[in-house]
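# Geometric and topological summary
Take a look at the letters that make up each chain.
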Amino acid sequence: MRIQGVDYNLRTMIQNRGVAWFQQHIMGTLMESVNSTPPILTPEDFSIRELFEAVDSRDFPVITGELLSRRMIASYNMAARVGDTLVERMPSNKKTERIPGFE
């Protein structure tokens, strides 16, 4: 696994620090965006094979489930909403606007 240009052995990291530490620090802290800066790690940065070899069968579905849910949430948030495609945003300095056709 590569984090900010440095290679780490995922199996050694999990064996030395534990799965709980991995979930809190790697899956949590490094995958969170702070102050609109992108996260350091994304789900695409993880190798499923490396995860499979690094954790036991009890923890593998939990970790891959977290990766999948993060990816699905990110995709959902990127998708255009139907309402966004039907209207055009217009700049205004007024608190309320009267738009022809709406009461």
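Residues numbered from 1 in each chain as written. Predicted model: local features only at pLDDT ≥ 70, side-chain atom pairs only at ≥ 80, totals over all residues. Heavy atoms only, no water.

## So, the nonpolar core
Core analysis: the largest hydrophobic core is formed by 18 residues, its most contacted members being Phe-22, Ile-26, Leu-41 and Phe-46. Leave out the neighbours within four places in its chain, and Phe-22 touches Leu-10, Met-13, Ile-14, Met-27, Phe-46, Leu-51 and Ile-63. (Core = buried A, V, L, I, M, F, W, Y, C linked by side-chain atoms within 4.5 Å. Buried < 20%, exposed > 50% of the residue type's maximum accessible area, 1.4 Å probe, protein only. Contact = heavy atoms within 4.5 Å.)

## Here's the deal with the environment of Arg-2
Along the polypeptide, Arg-2 turns up in strand 1 (residues 2–3). Here Arg-2 falls in the partly exposed class, since its relative accessible area comes to 48%. Here the alpha-carbon distance between Arg-2 and Leu-41, two residues 39 residues apart in the chain, equals 9.2 Å. Once residues lying within four places of it in the same chain are set aside, the contact partners of Arg-2 are Asp-7 and Leu-41. A polar contact of 3.4 Å, which involves the side chain of Arg-2, links it to the backbone oxygen of Gly-5. Reaching out from Arg-2, the side chain makes a polar contact with the side chain of Asp-7 at a distance of 3.1 Å. (Helix = DSSP H or I, 4+ residues; strand = E, 2+ residues; numbered from the N terminus. Polar contact = N/O pair within 3.5 Å; in protein donor to acceptor, adjacent residues only side chain to side chain.)

## Quick look at a nonpolar patch on the surface
Side chains of Val-82, Leu-86 and Val-87 sit close together on the surface and give an oily, nonpolar patch of about 350 Å² of accessible area. Along the chain, Val-87 falls in the segment after helix 5 (82–86). You can call Val-87 exposed: its relative accessible area is 58%. (Patch = residues over 30% accessible without salt bridge, like charges linked within 9 Å, V, L, I, M, F, W, Y side chains within 5 Å. Areas by Shrake-Rupley, 256 points an atom, 1.4 Å probe, with all protein chains shown as cover. Salt bridge = Lys/Arg side-chain N within 4 Å of Asp/Glu carboxyl O.)

These figures come from the coordinates and say nothing about function on their own.
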